[in-house]
Amino acid sequence: MVLPNLQIGESVESVVYWIDDYFGFLLDFFSNFVDILISGLRDALLFLPPLAFTVIAALLVYFLAKRKAALAIGTAVGFLVIDSMGLWGLSMETLALVLSSALIALAIGIPLGILAAKNEVVYHITKPVLDFMQTMPSFVYLIPAVIFFGLGNVPGLVATVVFAMPPTIRLTNLGIRQVPVELVEVSDAFGTTPMQKLMKVELPVAIPTIMAGVNQCIMLSLSMVVIAAMIGARGLGYQVLVGIQRVDIGQGFEAGLAIVIIAIVLDRLTQNLTPKK
Amino acid sequence: MSKQEIFEKTNQTVGLYNVNFDVYDGETFVLMGLSGSGKSTLLRCLNRLISPTDGHILIDGDDIAAMNTEELRNVRRKKMTMVFQSFALLPHRTVIDNVAFGLEIQGVSKDERYASAEDAINKVGLKGHGESTTSSLSGGMQQRVGLARALATDPDVLLMDEAFSALDPLIRTEMQDELLALQDKMKKTIVFVSHDLDEALKLGDRIAIMKDGYIAQIGTPEEILTNPADDYVSEFVAGVDRAKILTADNVMKRPEPVVSINSELTVAVQLMKRHGISSIFVVNPDKVLQGIVLIDHAVAAMKQKKKIVDIMIKDFPKLQLDTPVKDIIPIVAESQYPLPVVDDANKLRGIIVRGSVLGALAMTDEEAEEKIEEVAQ
């Protein structure tokens, strides 16, 4: 060894415990908030019986996604298959977790992306942080999440947000930076305020790219909820985990299939949300 | 120190230096030069899309270069708008919302801004296209939207950055004609950037020729063609040489319409109205030139039942078929009327207006040769 042992692991550990000791009340507050968000969303999703939910979901998809009938029918069939496998409750639990994670990731990610596009300092700080977040094996996030929030849905959500946020920031930043320079000149030449420029020119022009980030964020959230089951997040991920532990092929496959169906519906829906040019 | 030396010493490029000019109210001022000459940079300094490091830019006595953000925004909103080479329409907006953009950001109510936008759309000949998406329009139509957008806020000054350069030649000519027609009515102050001599001569009341960030010459098209300030300008307007080669018969138009000296005055007035001209040449049955009648005189005289002979002007400049174009330029610049071209027997053979001379000078070499051959045959 050229360098002596730098004790990086120990340092990170002590920082994590220090945060837990001194900011515990903040973490508890956040934990409660997230818990209410997830369970509220889950209860809302479970409020309707599966059949009614399926119909409403299909109609919603039809009207939101440019009236593509195939997409609506596919959604309905997929949801009915989930119900027939007896995985409805777990699927809604997972959907609630995914949507909450994505919502929080977007609520932080899009403004941060805008900031990074507007401010070189922010950009140069976020860039390495995002690289770090995306390349660090996602399992590693589980450890501090457990220390801060115990076991359950909340640490699952936090790990998911950390994992799913980077593409939102990157693509929002990219979308705004890619707005053609002459459109920015038009905006300036006609006397916009910075806020008008953002709202009337930059964001609308960047929307397709930003929506690609939203899509990525939701997809990554979904892939992370299975991993999050390792720290007690409930839903389909837990079902897969149990399948692995018991070498129960059938159970593992059914839960996996339900995840795939949800993934496809969410993916197609978000891809088709982008307004037509 | 040259631009190159400054770049080597400081790693900074000189954009513009020692540029001084006035643009008069209601004139079309063309900034012209090759790419890299600084003409677009200069245009962008006028509304401070690029801020000059030093100097003053005065509009109505206020220095744009010294304005704070708020004052500058006001100038951009009320006094100066811009038309871009690449059209630069907002792709997520319909035509009318693009045109209304300037008013929208000023907080004008929807009804009001749509009314103004509709006006501007009609002005540029796009009536009925308000609800179209911009991507469904051709290049020429897109630039009409760009022009309408710039007109909708009713600014005093229009900045046009190579506005027609991206259009194909036919459409470009059409747009130039329409800009001239619009300008006739609107009398805006226009600063027009172009790299095309033909376009500059056609549109410009005055032209500034730029090179390496400075202005080589400012003058009317005639001054620049006949009296280039330095070698660069004379090279640039190489068409000047043609002024010695081309003669009146190369550049004249067909002698139409003319009116016979025996006709009633009403015929002359009719002809002028139909052709949209303000004067007409009078010939006898052998096509020998007799004089010229002006529309104002004719209309006044009609009530007094006068004849053509009574009111026609006999004393005005005439050109011979072989008068060289370089001699025509000063005459045509001075003359209030079109110039008649006559042969040895004083028969009217053609008519020369200011535009046809300038157009001929801006011809390519091949076009000029063709013209010469045409006449020779």
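The structure displayed is predicted, hence computed values, not measured ones. Residue indices begin from 1 for each chain and proceed along its sequence in written order. Key to labels: chains lettered from A, ligands numbered from 1, both in the order written. Totals for whole chains, interfaces and linings use all residues, but because this is a predicted model, local features are given only for residues with pLDDT of at least 70 and pairs of side-chain atoms are given and counted only at 80 or more.

Attention now goes to the overall build of chain B. Labels follow the DSSP assignment, with helices taken as runs of H or I lasting at least four residues and strands as runs of E lasting at least two, numbered in each case from the N terminus. Across its full length, chain B holds 19 helices and 14 strands. Taken along the three principal axes of its C-alpha coordinates, chain B extends 70 × 55 × 40 Å. The buried share of chain B, taken over its 377 residues, is 39%. Think of it this way: build a C-beta for each residue from its backbone, and any pair within 7 Å is a contact. In chain B, of all internal contacts separated by at least 6 residues, the share reaching a separation of at least 24 is 63%. Partly exposed residues are those whose C-beta has more than 12 but fewer than 20 other C-beta atoms within 10 Å; with 20 or more the residue is buried, with 12 or fewer it is exposed, and the C-beta atoms are placed from the backbone.

Helices and strands together make up the secondary structure of chain A, namely 12 helices and zero strands. Ordering the α and β elements of chain A from the N terminus gives α-α-α-α-α-α-α-α-α-α-α-α. Taken along the three principal axes of its C-alpha coordinates, chain A extends 65 × 60 × 35 Å. Of all 277 residues assigned to chain A, the portion counted as buried reaches 40%. Long-range pairs, those at least 24 residues apart, make up 77% of the contacts in chain A between residues at least 6 apart in sequence.

The partner chain B presents 17 residues to the 15 residues of chain A that form the contact. Residue assignment for the side of chain A that touches chain B shows that the elements contributing at least two residues are α9 (181–189) and α10 (194–228) of chain A. Here the side of chain A that touches chain B gets six residues from one element, more than from any other, and that element is α9 of chain A. Think of it as three bins: nonpolar holds Ala, Val, Leu, Ile, Met, Phe, Trp, Tyr, Cys and Pro, charged holds Asp, Glu, Lys and Arg, and polar takes everything else, Gly as well. For the side of chain A that touches chain B, the per-class residue count stands at seven nonpolar, three polar and five charged.

What follows covers the sheet that holds strand β11 (residues 289–294) of chain B. All names here are of chain B. Pairing between strands requires that DSSP locate at least two bridges from one strand to the other. In spatial order, the strands read β9-β10-β11; together these three strands make up an open sheet with mixed pairing. Strand pairing shows two members of the sheet lacking a second neighbour, β9 (258–260) and β11, which therefore form its edges. Sheet twist, expressed as the average angle between the axes of neighbouring strands with direction ignored, equals 35°. Examined bridge by bridge, strand β10 (residues 279–283) and β11 share five bridges and lie antiparallel to one another. Each bridged residue has a counterpart across the sheet, and for Ser-279 the counterpart in β11 is Leu-294. Only the contacting stretch of a helix is used when fitting its axis, a line to C-alpha atoms as for every element, and angles between N-to-C directions run 0 to 180 degrees. Contacting β10 and β11, helix α15 (residues 295–303) runs over the sheet at an angle of about 80° to β11.

Any set of buried Ala, Val, Leu, Ile, Met, Phe, Trp, Tyr and Cys residues joined through C-beta atoms within 7 Å is what this text calls a nonpolar core. Within the largest apolar cluster, 84 residues are counted, with the highest numbers of intra-cluster contacts made by Val-99, Ala-148 and Ile-352 of chain B. By residue number, the principal contributor to this core is helix α7 (residues 139–152) of chain B, which donates six residues. Each of two domains, domain 1 (3–238) and domain 2 (248–376) of chain B, supplies a minimum of three residues to this core. Other than its neighbours up to four places away in sequence, Ile-352 of chain B contacts Ala-248, Val-251, Met-252, Leu-319, Ile-328, Val-332, Pro-338, Leu-339, Val-341 and Val-357 of chain B. If you look at the next biggest cluster of nonpolar residues, it comprises 62 residues, including Leu-87, Ala-145, Ile-227 and Val-265 of chain A. These domain limits were set by an automatic method or by a database of domain assignments.

Quick look at the sheet that holds strand β12 (residues 319–320) of chain B now. All names here are of chain B. Taken in spatial order, the three strands of this open sheet run β12-β13-β14, and their pairing is mixed. Looking at which strands have only one partner, the edges of the open sheet turn out to be β12 and β14 (348–352). One ladder, built from two bridges, connects β12 with strand β13 (residues 339–342); its direction is parallel. Residue pairing for β13: Gln-320 is matched across the bridge by Val-342.

Okay, the pairing of β14 of chain B next. Residues and elements named next belong to chain B. Of all five residues that make up β14, five are buried, and the element is covered over most of its length. In terms of strand pairing, β13 meets β14 through four bridges, oriented antiparallel. Looking at β14, one finds that Pro-340 is bridged to Ile-351. Joining the antiparallel neighbours β13 and β14 is a turn of five residues, in which Asn-346 adopts a positive phi near 65°.

Residue and element names in this part refer to chain B. Bridging between β9 and β10 involves three bridges; their strand directions are parallel. Considered in β10, the bridge of Val-258 is made with Phe-281. With helix α14 (residues 265–275) bridging β9 and the parallel β10, this β-α-β connection has right-handed handedness. Connecting β10 to the antiparallel partner β11 that follows it, the hairpin turn spans five residues, and Lys-287 within it adopts a positive phi of roughly 65°. A right-handed crossover is one whose linking path, passing over the helix from the first strand to the second, runs clockwise when the strands point away from the viewer.

What follows is about the domain arrangement of chain B. All names here are of chain B. Looking at chain B, the domain boundaries give domain 1 (3–238) and domain 2 (248–376). Here domain 1 and domain 2 have C-alpha centroids that lie 35 Å from each other. Contacts between the two partners involve eight residues from domain 1 and, on the opposite side, seven residues from domain 2. Of all the secondary-structure elements, those providing two or more residues to the side of domain 1 that touches domain 2 are α9 (197–203) and α10 (221–226).

So, about helix α1 (residues 3–10) of chain B. Burial within α1 of chain B is sparse, with just zero of its eight residues counted as buried. The positive-phi residue at the C-terminal boundary of α1 of chain B is Asn-11 of chain B, with phi of around 60°.

Counting through the fold element by element, Val-81 of chain A comes out in helix α4 (residues 69–84). On a C-alpha basis, the gap between Val-81 of chain A and Leu-257 of chain A in space is 9.4 Å, while along the polypeptide they are 176 residues apart.

Residues and elements named next belong to chain A. Between helix α3 (residues 50–64) and α4, the shortest axis-to-axis distance is 8 Å and the interhelical angle comes to 160°. Judged by the inter-axis angle, α3 sits roughly antiparallel to α4. When you trace α3 past α4, the crossing you get is right-handed. Facing Pro-50, Thr-54, Ala-57, Ala-58, Val-61 and Tyr-62 of α3, the residues of α4 in contact are Ala-69, Leu-71, Ala-72, Thr-75, Ala-76, Phe-79, Leu-80 and Asp-83. Per-class residue counts for the contact of α3 with α4 are 11 nonpolar, two polar and one charged. For classification, angles of less than 35 degrees are called roughly parallel, those exceeding 145 degrees roughly antiparallel, those between 65 and 115 degrees roughly perpendicular, and all remaining angles oblique. In this scheme the crossing of two helices becomes right-handed for a clockwise turn of the near helix relative to the far one and left-handed for an anticlockwise turn of less than a right angle.

This part covers the packing of helix α8 (residues 153–177) of chain A against α10 of chain A. All names here are of chain A. One way to put it is that α8 packs onto α10 with a least axis distance of 8 Å and a crossing angle of 160°. Comparing their axes, α10 and α8 come out roughly antiparallel. Our pair here, α8 against α10, has a crossing hand that is right-handed. Across the contact of α8 with α10, the residue classes tally to 17 nonpolar, nine polar and two charged.

Moving on, we come to the environment of Glu-256 of chain B. Residue and element names in this part refer to chain B. Mapping Glu-256 onto the fold places it in the loop between α13 (248–251) and β9. In this structure Glu-256 comes out as exposed when scored by C-beta crowding, with 11 C-beta atoms within 10 Å. Spatially, the C-alpha atom of Glu-256 lies 8.0 Å from that of Ile-351, the residues being 95 residues apart in sequence.

Residues and elements named next belong to chain B. Counting all residues, the mean pLDDT for chain B is 86, and 93% of those residues have values of 70 or more. pLDDT is a residue-level measure of predictor confidence that goes from 0 to 100. When mean pLDDT is taken per element in chain B, helix α4 (residues 95–99) scores highest with 95 and helix α12 (residues 240–245) scores lowest with 58. Two summary scores accompany this predicted model of the complex, namely pTM at 0.74 and ipTM at 0.77.

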